[in-house]
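# Coordinate inspection notes
Chain by chain, the residues:
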Amino acid sequence: MVDFQSAGAVGLGGGSPGVRQGLYTNQTTQAGPVGAKMEFGGGEVFRYCYFVTAVAAGKLAALDTSVAIQTSFNAAFVNSAGAAKDDYGTDDNSIYVKTSDITSDDTANIWADGWLMITDAAGEGMKYRIQGHEAGSATTANVMRLDLYDNIAVALDSESSACIVGSKYSNLAIANAGTDDICVGIPALAAAATSYGWAQTRGTSLVLADEAVGTIAAGTIAVLSDGVDGAATVFGQGSVNSEEELDEYTTEPLIGHFMTAAVDTEYVAINLTNLAD
């Protein structure tokens, strides 16, 4: 992996360590560390992101959970040959994990700068940042070597369970309710598939409005639309007429507050307050 700061990359805006890419650009070559932060005096915050699929400007981007997250798997820890290993300890920062969900489709470093999380048994409750990793099944079927930034702090054994969560600024796709709804930001410029660019995570921005189920007014709370991919709609998504309908208030992620009234299917000013920052 390239050390962009050591290579002399220059920050942008209010300070962005190690990124050689302008705010309104999108490119297939990585120009700095994913997750690098750019902040302006008005409170607007942008993060350098990798988009796995295309996302238009003004639409919400979210983690593609099919790529970015490996759900908890049991008896996770093995040796390089895939046999159970009971003695990962405080001298280890390279470990092998095995699950049938790890295949050759899992490319090298797709979860870099994400987290290995121990979900059950020995070492449970701990998490370790991933520096990098080989491709899935590179040497043994369903096995992957993870290289961690730190040594294991609490010993693991072959019965420990784990999940993997990639960087929240990598592997982004257009947000859609119920599937890819861990919202991260809004691209500053339309992002092509498999490209790098900036996404706004906080402050004054612009988002596609969906008024199909409720009127957007200045100051109303914004949530991810459950009807239009990448759009925002009003919190509560319309009127609530009974106690049984209260779940309508909590079904979608909070985004921020609308700053003006909106016109359905047009773009509206929004103050982003509830996204990754």
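Summarised in this report is the structure supplied together with it.

Turning next to the packing of aromatic side chains. Applying the stated criterion across every chain, the model contains five aromatic pairs. Here the aromatic rings of Phe40 and Phe46 are separated by 5.9 Å at their centres, their planes lie at 90 degrees, and the arrangement is edge-to-face. Both rings, one in Tyr48 and one in Tyr196, keep their centres 6.0 Å apart while their planes meet at 15 degrees; by these two values the pair is stacked. Highlighted residues: Tyr48 in strand S2 (residues 45-51) and Tyr196 in strand S13 (residues 195-208), separated in sequence by 148 residues. For Tyr196, a relative accessible area of 14% puts it in the buried group.

Here the structure, examined in full by the defined rule, presents five salt bridges. Its salt-bridge partner being Glu39, residue Lys37 comes within 3.9 Å of it at the nearest N-O pair. Accessibility expressed as a relative area gives 28% for Lys37, which makes it partly exposed. A salt bridge links Arg145 to Glu134, with the shortest nitrogen-to-oxygen separation between them at 3.5 Å. Placement of the pair is Arg145 in strand S9 (residues 143-148) and Glu134 in the loop between strand S8 (127-133) and S9, with a sequence separation of 11 residues. Taking relative accessible area as the criterion, Glu134 reaches 13% and is therefore assigned buried. Each of Glu134, Arg145 and Asp147 takes part in salt bridges that share partners, so that together they form one network.

With that settled, consider the sheet that holds S8. If you trace the seven strands from one edge of the open sheet to the other, you get S4-S10-S7-S8-S9-S6-S5, paired in antiparallel fashion. This sheet does not close on itself; its edge strands, each paired only once, are strand S4 (69-73) and strand S5 (77-78).

Considered as a void within the structure, the second largest pocket measures approximately 150 Å³ in volume. Counting residues per element, the ones that place at least two in the lining of the second largest pocket are strand S12 (183-187) and S13. The leading source of residues in the lining of the second largest pocket is S13, at three residues. By residue class, the composition of the lining of the second largest pocket is eight nonpolar, three polar and no charged.

The next thing to look at is the nonpolar core. Counting residues in each nonpolar core, the largest one holds 24 residues, and the members touching the most others are Phe77, Ile95, Leu116 and Leu146. Of all the elements in the fold, those that place two or more residues in this core are S5, strand S6 (94-98), strand S7 (115-120), S8, S9 and strand S10 (161-165). Sort the elements by how many residues they give to this core and S9 lands first, with four residues. Non-local contacts of Leu146, meaning those with residues more than four positions away in its chain, are made with Asn93, Ser94, Ile95, Val97, Leu116, Gly132, His133 and Ile164. One finds Leu224, Ala232, Val234 and Ala262 within the second-largest nonpolar core, a separate group that totals 19 residues.

Cut-off values and rules
- Residues numbered from 1 in each chain as written.
- Predicted model: local features only at pLDDT ≥ 70, side-chain atom pairs only at ≥ 80, totals over all residues.
- Heavy atoms only, no water.
- Phe/Tyr/Trp six-rings, centres within 6.5 Å; stacked < 30°, edge-to-face > 60°.
- Helix = DSSP H or I, 4+ residues; strand = E, 2+ residues; numbered from the N terminus.
- Buried < 20%, exposed > 50% of the residue type's maximum accessible area, 1.4 Å probe, protein only.
- Salt bridge = Lys/Arg side-chain N within 4 Å of Asp/Glu carboxyl O.
- Pairing = 2+ DSSP bridges.
- 1 Å grid on protein atoms, 1.4 Å probe; cavity = no way out; pocket = protein on both sides within 12 Å on 5 of 7 lines; lining within 4 Å.
- Points joined across faces, edges and corners; volume = space filled by probe spheres on them.
- Nonpolar A, V, L, I, M, F, W, Y, C, P; charged D, E, K, R; others polar.
- Core = buried A, V, L, I, M, F, W, Y, C linked by side-chain atoms within 4.5 Å.
- Contact = heavy atoms within 4.5 Å.

Such coordinate-based values are descriptive only and should not be taken to indicate function.
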